[in-house]
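Structural features, examined
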Amino acid sequence: MLIEIKDLRKKYIMGEMEVEALRGVNLNISTNEFVSIMGPSGSGKSTLMNILGCLDTPSSGQYLFDSIDISSRTDDELSEIRNQKIGFIFQTFNLLPKLDALQNVELPLIYSGVEKHLRKDLAKKALKRLGLENRMNHKPNELSGGQRQRVAIARALVTNPGIILADEPTGNLDTKTGFEIMEIFKELHQEGNTIILITHEPEIAEQADRGIIIRDGLITKDALNTTIISPN
Ligand code: ADP
Ligand code: ADP
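Residues numbered from 1 in each chain as written. Chains lettered and ligands numbered in written order. Predicted model: local features only at pLDDT ≥ 70, side-chain atom pairs only at ≥ 80, totals over all residues. Heavy atoms only, no water.

As annotated in an unreviewed UniProt entry, the protein carries the name ABC transporter ATP-binding protein and is attributed to Ancylomarina euxinus. Under the heading Sequence similarities (unreviewed entry), UniProt records this for the protein: "Belongs to the ABC transporter superfamily. Macrolide exporter (TC 3.A.1.122) family." (UniProt positions renumbered as here; feature names shortened; annotations may be inferred.)

Dropping the structure here:
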């Protein structure tokens, strides 16, 4: 099992106030699943995503990522796990504006200590894979939204992480471009990647194989998405 979560809770303490953002989440995700997570604003999606991505640790309960117990790791160990094993994709792309596409995609390779002469080739290969061979030297503000998100996907893939965590990846894109991005996720899934996707949009969520709904810090639905094929 790639992800094993048992009775996971997360509390935020702000002065006198205490918010329990996750209130006993149980969740298993296997390698090569394609899972969507939906839920209203404030239901705990970002909190869960931050923990899944080893950006934050639970207040109690267990999180095993690739058989590693995340709760007992130091910040340095967590950052190493993130750099090696997880690709992140965000609604706002999070590209560095002063760097061109190639330099943006090279960044995770710098963090994970890949030698300089190898970095450029790997980054070029990743951008080519996303159909951006003619945009490598463009800065983010010279690219469309869909192109920016494809640069971000190339950046997430360049270290070959195996798991992709995408937080509202189509939230800033028009419908057509959003579906194009979903086609890329489907291809990555077919190539063996595990994909976890947070979204507000049911049409996007139903593209995944499994749908999870979270409400008030608890998973209230977890089911396979089955396509209904009309008989005529
Ligand atoms: P989303 O669009 O995912 O619902 P939010 O607006 O809920 O995003 O949260 C954006 C960021 O702010 C997240 O990293 C979240 O952890 C943080 N956040 C949300 N609510 C609070 C709060 N009450 N106090 C401090 N930080 C918060
Ligand atoms: P979602 O992503 O579904 O909008 P969040 O995980 O951002 O939900 O938030 C869940 C709850 O936890 C909300 O009540 C939010 O205000 C609170 N929260 C999130 N992050 C923080 C934080 N850093 N500090 C305090 N409260 C937070």
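**A closer look at the overall build of the protein**
The helix and strand inventory of the protein stands at seven helices and 10 strands. Against the globule reference of 17 Å for 232 residues, the protein gives a C-alpha radius of gyration of 18 Å, in line with a compact fold. C-alpha atoms of the protein, sized along the principal axes, occupy 55 × 50 × 35 Å. Restricting the contact set of the protein to residue pairs at least 6 apart, pairs at least 24 apart contribute 68%. When the accessible surface of the protein is split by element, carbon and sulfur atoms take 47% of a total near 12,100 Å². Here the protein carries 27 positive and 32 negative side-chain charges, and the mean point of each set is 5 Å from the other. (Helix = DSSP H or I, 4+ residues; strand = E, 2+ residues; numbered from the N terminus. Rg over C-alpha atoms; globule rule 2.2 N^0.38 Å. Contact = heavy atoms within 4.5 Å. Areas by Shrake-Rupley, 256 points an atom, 1.4 Å probe, with all protein chains shown as cover. Lys, Arg positive; Asp, Glu negative; His and termini not counted. Charge placed at Lys NZ, Arg CZ, Asp CG, Glu CD.)

**Here we look at the packing of aromatic side chains**
Under the criterion given, the structure shown has two aromatic pairs. Seen from their ring centres, Y63 and F65 are 6.3 Å apart, and the 65 degrees between their planes marks the pair as edge-to-face. Here the two residues Y63 and F65 agree in accessibility, since each one is buried. Ring centres 6.2 Å apart and planes at 10 degrees place the aromatic pair F88 and F90 in the stacked group. Residue classification places F90 among the partly exposed positions, given a relative accessible area of 29%. (Phe/Tyr/Trp six-rings, centres within 6.5 Å; stacked < 30°, edge-to-face > 60°. Buried < 20%, exposed > 50% of the residue type's maximum accessible area, 1.4 Å probe, protein only.)

**Details of the sheet that holds strand β6 (residues 86–90)**
The six strands are arranged β6-β7-β8-β3-β9-β10 in an open sheet whose pairing can be described as mixed. Only two strands of the sheet have a single partner each, and these edge strands are β6 and β10 (218–224). Averaged over neighbouring strand pairs, the angle between their axes works out to 15 degrees when direction is ignored. Where strand β3 (residues 34–38) and strand β8 (residues 194–198) come together, four bridges link them in parallel fashion. (Pairing = 2+ DSSP bridges. Axes fitted to C-alpha atoms, helices over the stretch in contact; angles between N-to-C directions.)

**Some points on the pairing of β10**
Of the strand pairs in this sheet, strand β9 (residues 210–215) and β10 are connected by six bridges, and their pairing is antiparallel. Bridge pairing in β10 links I214 to I219. Taking the residues between adjacent antiparallel strands as the criterion, β9 and β10 are bridged by two residues, where D216 takes a positive phi near 45 degrees.

**Quick look at a nonpolar patch on the surface**
Judged by side-chain polarity, Y12, M14, M17 and V19 come together as a nonpolar surface patch covering roughly 400 Å² of accessible area. Broken down by secondary-structure element, the contributors of at least two residues to the nonpolar patch are β1 (3–14) and β2 (17–29). Assignment of secondary structure puts Y12 in strand β1. The exposure class assigned to Y12 is partly exposed, which follows from its relative accessible area of 30%. (Patch = residues over 30% accessible without salt bridge, like charges linked within 9 Å, V, L, I, M, F, W, Y side chains within 5 Å. Salt bridge = Lys/Arg side-chain N within 4 Å of Asp/Glu carboxyl O.)

**So, the site of ligand 2**
Close to ligand 2 lie Y12, M14, V19, A21, P40, S41, G42, S43, G44, K45, S46 and T47. With respect to ligand 2, the backbone of S43 contributes an N or O atom lying 3.1 Å from an oxygen atom. One nitrogen or oxygen atom from the side chain of T47 is found 2.6 Å from an oxygen atom belonging to ligand 2. Within the complex, the protein chains bury 63% of what would otherwise be the 560 Å² of accessible surface of ligand 2. Residue assignment for the shell around ligand 2 shows that the elements contributing at least two residues are β1, β2 and α1 (45–52). Per-element tally for the shell around ligand 2: the top contributor is α1, with three residues. Among the residues forming the shell around ligand 2, the class breakdown is five nonpolar, six polar and one charged. (Near = heavy atom within 4 Å. Polar contact = N/O pair within 3.5 Å; in protein donor to acceptor, adjacent residues only side chain to side chain. Nonpolar A, V, L, I, M, F, W, Y, C, P; charged D, E, K, R; others polar.)

**Brief notes about the packing of helix α5 (residues 145–157) against helix α6 (residues 175–190)**
Between α5 and α6, whose axes approach to 10 Å, the crossing angle comes to 20 degrees. When the interaxial angle is binned, α5 and α6 end up roughly parallel. The two elements α5 and α6 cross, and the hand of that crossing is right-handed. Residues G146, Q149, R150, I153 and L157 of α5 form the contact with α6, whose participating residues are T177, I181, I184, F185 and L188. (Parallel < 35°, antiparallel > 145°, perpendicular 65-115°, else oblique. Left-handed = near helix turned anticlockwise from the far one by under 90°.)

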